[in-house]
Amino acid sequence: MKPIRRRASPKTIPFLAMRFVLIWLSILSIGGCESQEPLRIGFVGTLSGKAALLGTAGRDGVLLAIEECNRQGGVNGRKVELLVRDDGNEAEQAKNVDQELINAGVSAILGHMSSEMTAAAYETVMASGLVLLSPTVSSVEFSGLDDNMLRVAGTSDALTRGLAGHCATQRGWKRAAIIYDLANKTYSLSYADLYERAFAATGGRIIRRISFVSGTDALSMKAIAKQALEDNPDGVLVIAASLDAAILCQQLKKINPNISLASSGWAFTEELVQNGGKAVEGIVLPSYYQPHSPEAAYVAFKKSFEQRFGYPSSFAASLGYEAATVVLAGLKEASSPRQLKETLLRMQRFPGLRGDLVFDRLGDIQRPFTLLTVRDGRFSEMQ
Amino acid sequence: MSGMRLASISRRLTLSFILAALVPLLAAGWAILLYLTASEKEETFNKIQALSESLASQVDLFLQQPLTSLDQIDLVAQRHLHTDPHQIDQYLSSVVKANPVFETLFLITPDGLIQHIYPGDEDFIGTDMSRQPFFQAASASSANQWSAVFRSPRTGMMTVTLSRNLSHSIVAAHLNLDALSEFTTRLSKHLEVTAFIVDTNGTIIAHPKNDYVARKNNVHSLGIDPAMLGGPSVIVRRLDGEEDLFLSSRLIASTGWYLGTIQSKETALARLHSIKIFLFSAIFLAAVLAFLLALGSIKTTVRPLKIFSRDAEKLASGDYSLDLPASPYLEIEEMRQAFTQMVDAVRQREALLRHKADEFSCYYELGLIGMAEIDPSGRWISVNPYLVELLQSGPEKLIGRSWWDLADARGREKEQHLFAEVVAGRSSGYSIQKRFRLEESIVEAEVSVAAGDRDKQGAVSFLIAIIQDITEKKRTEALLLEHQQNLERRVGERTRSLHDRNTELAQSREEYAELYENAPDMYCTVAIHNLTITQCNQTIVNRLGKTKSELLGQSVCVLYPPEQAATAQVYFAEIVSSGLVQETEQHLCCAGGSLVEAILTVSPTLDNQGQMREIKCCWVDISAQKRIEKRLAHLAQELSRSNEELQQFAYVASHDLQEPLRMIASYTQLLNESYGDQLDDRAKKFLSYAQEGAGRMQDLIEDLLTYSRVATRGTEPEIVSPDHAFSRALANLSEVVTATGATITCDPLPHLKGDLSQLTQLLQNLVGNALKFHGSEPPRIHVGVEQRDGQVVFSVRDNGIGIDPRYASKIFTIFQRLHTRAEFPGTGIGLAICKRIVERHNGRIWFESVPGQGTTFFFTLEPEKEQGGNSIAEASS
């Protein structure tokens, strides 16, 4: 006869009591259960101060892409969390906030939005082995390096050649002056140099280069403008953020209403138009961004962005969005964050808002650019 | 029962105590929590709503200050704009200094150029503001215009512009939003709520955390959908899903902004959380207390059960020495007594079972039938000796092996299904015939399988199989079946054969009846006991001109003329009595009295005992035959007489003609000899003609006489040797043979019955013919013999001139010649004689010839059968 299995006996009562206590504790701790750890991605840019315009727009572009990704189930089932940091346009702060993001366990860092801040935090991020993907940085300082920094904006050399050619041939510039903001000198200095080289190639000559540091310079905008126009140039190239560029343009036009003006893509925001008034009418600037592109993806993005944030998208927002979609696509394929760079370079081609984005073997990108001007208070593409 | 889980009384009792304590507590606690939650929510809503309204009032009040200032600037500008601009600058300076809310004040010309600014230097005068949204909005309306938040070109801080279209210019002020943030900070610091203000785009323009404003964060960053603002107070789930918020918001009418206050649900319901902890603790304590109470009760209730359990285990192990103590509890005492009774019953049953088990073991070990135990998975557990011997395999080879291994594959699927049914408890057992394939033999067995033991769930623990060897039985059955099949097949064949025979018989009967009725002969059947006609055919009826009714049942004597009736009666009576059968010619009497001559053939019919049963009579009508016979006899007689007369005439004529002819020949010869010299040549010539004619006449008469003598002077046939006849013929022809240089050969000729002289004449005529009608070459003649169609055919072949086939019918006719006498002398009767001789010997003669190449004559005779050794062989003469 087989023995009967007992479900419980008086000897097991202490165990029953223990089980009861455990059940009770588990009831009390309901709600403490956590779901799967989110995938963290960092964003860093200048979000405060006069140069914050690119940063906030870029952040919102990145945010939109991540919200869309989460609505579609995240990255391989994991929710994506965006950790946003403000570099304050300060080199030291840039290093600190990047380190914060690294310590927080982000899988990649999107940013910075300016070349100067990128240069400041470069070593910190490269040492971590994480990918630093910048939406807007176009300085040639970062070209040709086999590093973990990638970008979705094209480099400045093509832009400056196009702009110099236009100024020389279409606007008749032979002699020109350059005003540039050293607050972002990594960008502005190389931009000025490239432009000067390209302008010289057309037979032109830069007769004066005036630098300033936004917000800290002792010189007033009027004085800077006066210096630039002292030798009566054919035109002035202003390499500054949109607000500074707008004020400088106003001052330049007040001194010489006929002066021909050019600027860089750094100033390409609505604030240039709003604050520049009629002074910025006819200004020319090159950009990888076509504000009136008919591409379906771009049109849909513009609509979503404005609905979400209540203001129109800009080039920084669109590049931020594109940078985020590239990183998210790479993370879906990469076995670990440390493999992200190799994965992105292996994948190489990604759908962008205005055509495919194609990385070269070093993580740089070539894109077609457009020359823009302000006509009747609106940016428009030049033929 | 293996594996079955049983509920525990102690666990059940513990659970009951705990439930009894917890259920009321939980119900009460749940109700209290529901009430308190609702109450706390309402309180929180009221609080944040009140705060929102209060803060909104403060913001409205705050915003009234710059509006008032704009009114005053309007007045100052109207007074001094064109007269004393410096006054305006001073006033703007005083306003900014007096109201920290103002960051910058502008007076802008209607075309958008800065006319006055504070703080600011001359550089800004004339700056174009026409593209600023606030300017464009103020230009289009006289109302106060609040811009969207933007970053101040001067400070880089977020700001808004308040603008108004004055009578001569447009006044605009960049407002410092820090003051608004201070409102929200103050509120949040003391009341654990967060207040914020968002502009019409949803951008946060005031928040205790300055970063939200400085970084131009959208209200989304607070986890709030902008669409929720302006609505009733609600609990909202943050957009990132992390926590719930109590939200109350109010529209700031003057600007279109929204003021919101939020408090996290966790903070708002913190007190409720404490109450919850208290309640859960109370419930926990109550549960512990109930548990302890349960332990006490269990001790009293369960201890006797443990003793029962221990005794039951002892009982199970065969130990009947129980130590059940008496219990003070009625139910347990009753159980103890019942248990004791049960132990006694078990003891008795065990003895009985042991007896049965011994019996079974005896059957199992010594029985004359195979027995085995099989586990539910189909593996042998044990086998008895008989089965070991039957399967020619030791227990070690069987135990653990699959039940299906030794079995024939045929019927396995069906048995597996039956087996599974038993194992599953859906069947108690099954019987099946199966075949075990051993190494050198096959065992047919009747197998019965039954469930051995089942647990409470009906699962079978093992199965018992009884295997009976029925190999011999199956073999006998197979033989019987084969015999039966053979028998059935043969019966079938015989049945078919009989059917065919019956069919043939019926057909034969019909044919026989038809033949019988329409036979050329007359049939009737006569009964032996009274000699009456029992059956007759239509022929006799027709021939005698009577009807069947006139004959059937009548005596057979009615067939005969009245005068022969008695003789017929005697005749048939003798047949009946003696059984002798004889054929006899009789006369039957027709209806008209005419007679029919007939030959009667009688055939008695015998029964199974060999006794005569009836007489079958057959009369063959020979009336016509008799008439023909009479006619032939008459003709033969006439012919014989005529032939004799003809023979006599021929003989007499030829014999009697010879005498005068000899006289003519003699006297003409005498005349020629006596008077020849007296005769002239013509007379001599006439005389020679007469002598020649007489000579030829003699030859004709000789031949004619010979021809006639073939029939009249022939001897009786006897056995003769044709060789002898051939030799005599050659001797007669020797002169001609020599003269012609002929070569004559002859095969050995067989003996035969005939007339030697006529055979000699036959061969002499044919060989002589061949010698006479030769061509340019010397004749070559061969006499041969051969067998054709069972007949001996003689031949005489030559290489002569041949015979035209057109004359085939003429050459055997007497006196017929194919050539002139000058070409070939002769009388033309030789071949006619040959034909007559051959016919006298019942033979036939014919020829085959190719003109110019030769002729072969063939003839047949009636030769005696060969008497040994005389084979056909070539010989030369």
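Visitor: Would you mind showing me how to read the overall build of chain B here?
Guide: Assigned secondary structure in chain B consists of 21 helices and 28 strands. Residues classed as buried in chain B amount to 38% of the 877 residues present. Taking all contacts inside chain B whose residues are at least 6 apart in sequence as the whole, residues at least 24 apart take part in 54%. When the accessible area of chain B is evaluated, it comes to approximately 48,800 Å², of which 54% is carbon and sulfur surface.

Visitor: Would you take a moment to explain helix α3 (residues 133–140) of chain B for this structure?
Guide: A turn of α-helix holds 3.6 residues, and therefore any two residues three or four places apart point the same way. Residue and element names in this part refer to chain B. Every buried residue of α3 is accounted for by F134, F135 and A138. Take α3 and look down its axis: the buried residues cluster within an arc of 100°, on one side only. The inward-facing, buried residues of α3 abut β1 (102–108), β3 (145–146), β5 (158–165) and β6 (170–176).

Visitor: Is there a simple way to explain the sheet that holds strand β27 (residues 845–850) of chain B in this structure?
Guide: Backbone-to-backbone hydrogen bonds pair the strands of a sheet. The strands run either parallel or antiparallel. All names here are of chain B. Reading across the sheet, the five strands line up as β23-β25-β26-β28-β27 and stay open at both edges, with mixed pairing between neighbours. Two strands close off the open sheet at either side, each with one partner strand: β23 (743–746) and β27. Ignoring which end each strand starts from, the neighbouring axes of this sheet average 20° apart. Summarising the sheet, strand β26 (residues 791–797) and strand β28 (residues 854–860) pair through five bridges and their orientation is antiparallel.

Visitor: Explain the packing of aromatic side chains to me, please; I cannot follow it from the model alone.
Guide: The way to describe two aromatic rings as a pair is by their centre distance and the angle between their planes. The tally for this structure, following the rule as stated, stands at 29 aromatic pairs over all chains. Measuring from centroid to centroid gives 4.8 Å for F305(A) and F309(A), while their planes differ by 45°, and the two rings are tilted. Highlighted residues: F305(A) and F309(A), both in helix α10 (residues 296–309), separated by four residues, approximately one helical turn. With relative accessibility at 0%, the residue F305(A) sits in the buried group. Between Y516(B) and Y523(B), the aromatic rings sit 5.6 Å apart at their centres with planes inclined by 15°, giving stacked as the arrangement.

Visitor: What is the right way to read unusual backbone geometry from this model?
Guide: Glycine aside, negative phi is the norm for most residues, and most peptide bonds take the trans geometry. Cis geometry is found at the peptide bond from G111(A) to H112(A), where omega equals -15°. When you line up the elements, H112(A) lands in the loop between β3 (108–111) and α4 (115–128). In the segment running from Y118(B) into P119(B), the intervening peptide bond is cis, with an omega of -10°. Counting through the fold element by element, P119(B) comes out in the loop between β2 (114–118) and α3. At L531(B), a position not held by glycine, the phi torsion is positive, near 55°. With respect to the helices, strands and loops of the structure, L531(B) is situated in the loop between β17 (522–527) and β18 (533–536). Of the residues examined, L531(B) reaches a relative accessible area of 5% and is grouped as buried.

Visitor: Before we go on, may I ask you to explain the side chain of S795(B) in this structure?
Guide: Here S795(B) shows up in strand β26. Aside from chain neighbours lying at most four places away, what touches S795(B) is H782(B), V783(B), G784(B), T856(B), F857(B) and F858(B).

Visitor: What is the right way to read the pairing of β28(B) from this model?
Guide: All names here are of chain B. Counted residue by residue, β28 has seven buried out of seven residues, so it is predominantly covered. Residues G854, T856, F858 and T860 of β28 are buried on one face, and the alternating residues T855, F857 and F859, pointing to the opposite face, are buried as well. As paired strands, β27 and β28 are joined by six bridges and run antiparallel to one another. By the bridge assignment for β28, W846 is matched with F858. The turn joining β27 and β28, which pair antiparallel and follow one another in sequence, is formed by three residues; a positive phi near 90° is taken by G852.

Visitor: It is not clear to me how the nonpolar core should be interpreted in this structure. Could you clarify?
Guide: Generally speaking, nonpolar side chains in soluble globular proteins are found buried as a group. With 103 residues, the main nonpolar core has L133(A), Y195(A), V236(A) and L252(A) as its most contacted residues. Here this core takes 11 residues from helix α11 (residues 315–333) of chain A, the largest share from any one element. Setting aside its immediate chain neighbours within four residues, L133(A) contacts I109(A), L110(A), G111(A), L150(A), R151(A), V152(A), A323(A), V326(A), V327(A) and F359(A). In this structure, L51(B), L70(B), V96(B) and L222(B) belong to the second largest nonpolar core, which totals 62 residues.

Visitor: What am I meant to see in the sheet that holds strand β12 (residues 370–374) of chain B here?
Guide: Residues and elements named next belong to chain B. A sheet is described by the order of its strands in space; here five strands give the open sequence β13-β12-β16-β15-β14, paired in antiparallel fashion. The open sheet has two edge strands with one neighbour each: β13 (380–383) and β14 (429–437). Averaged over neighbouring strand pairs, the angle between their axes works out to 30° when direction is ignored. Bridge count between β12 and β13: three bridges; the pairing is antiparallel. Each bridged residue has a counterpart across the sheet, and for I374 the counterpart in β13 is W380. Relative to the sheet, helix α8 (residues 330–366) contacts β12 and β13, its axis offset from that of β12 by approximately 115°. Lying on the sheet, helix α11 (residues 412–423) is in contact with β12, β14, β15 (442–454) and β16 (460–469); it crosses β14 at an angle near 140°.

Visitor: When you look at the pattern of salt bridges in this model, what are you seeing that I'm missing?
Guide: Pairs may arise between side chains of opposite charge once their charged atoms sit close together. What the rule picks out here adds up to 44 salt bridges over all chains. Taking the shortest distance from any N to any O, the salt bridge between R354(B) and E350(B) comes out at 2.6 Å. One end of the pair is R354(B) and the other is E350(B), both in helix α8 and four residues apart, which spans about a single turn. Among the salt bridges present, the one from K548(B) reaches E517(B), with a minimum N-O distance of 3.1 Å. Separated by 31 residues along the polypeptide, K548(B) in helix α14 (residues 548–551) and E517(B) in helix α12 (residues 471–518) bring together distant segments of the chain. By relative accessible area, K548(B) is classed as partly exposed at 26%. Classification of E517(B) by relative accessible area gives partly exposed; the value is 23%. Put simply, E37(A), R40(A) and E81(A) are held in one network by salt bridges that share partners.

Visitor: For this particular structure, what's the right way to read a positive patch on the surface?
Guide: On the surface, a cluster of positive charge is made up of K299(B), R303(B), K306(B) and R310(B). Locating R310(B) in the fold gives a position in helix α7 (residues 270–316).

Visitor: What is the right way to read the environment of F305(A) from this model?
Guide: A C-alpha to C-alpha distance of 7.0 Å links F305(A) and L64(A), two positions 241 residues apart in sequence. When sequence neighbours within four positions are dropped, the list of residues in contact with F305(A) reads A57(A), D60(A), G61(A), L64(A), G310(A), Y311(A), P312(A), S313(A) and A317(A).

Visitor: What is the right way to look at a nonpolar patch on the surface in this model?
Guide: All names here are of chain B. Side chains of L15, L19 and V23 sit close together on the surface and give an oily, nonpolar patch of about 260 Å² of accessible area. The topology assignment puts V23 in helix α1 (residues 9–80). On the basis of relative accessibility, which here comes to 49%, the residue V23 falls in the partly exposed class.

Thresholds applied
- Residues numbered from 1 in each chain as written.
- Chains lettered and ligands numbered in written order.
- Predicted model: local features only at pLDDT ≥ 70, side-chain atom pairs only at ≥ 80, totals over all residues.
- Heavy atoms only, no water.
- Helix = DSSP H or I, 4+ residues; strand = E, 2+ residues; numbered from the N terminus.
- Buried < 20%, exposed > 50% of the residue type's maximum accessible area, 1.4 Å probe, protein only.
- Contact = heavy atoms within 4.5 Å.
- Areas by Shrake-Rupley, 256 points an atom, 1.4 Å probe, with all protein chains shown as cover.
- Arc of directions from axis to C-beta.
- Pairing = 2+ DSSP bridges.
- Axes fitted to C-alpha atoms, helices over the stretch in contact; angles between N-to-C directions.
- Phe/Tyr/Trp six-rings, centres within 6.5 Å; stacked < 30°, edge-to-face > 60°.
- Core = buried A, V, L, I, M, F, W, Y, C linked by side-chain atoms within 4.5 Å.
- Salt bridge = Lys/Arg side-chain N within 4 Å of Asp/Glu carboxyl O.
- Patch = residues over 30% accessible without salt bridge, like charges linked within 9 Å, V, L, I, M, F, W, Y side chains within 5 Å.
- Lys, Arg positive; Asp, Glu negative; His and termini not counted.
- Charge placed at Lys NZ, Arg CZ, Asp CG, Glu CD.

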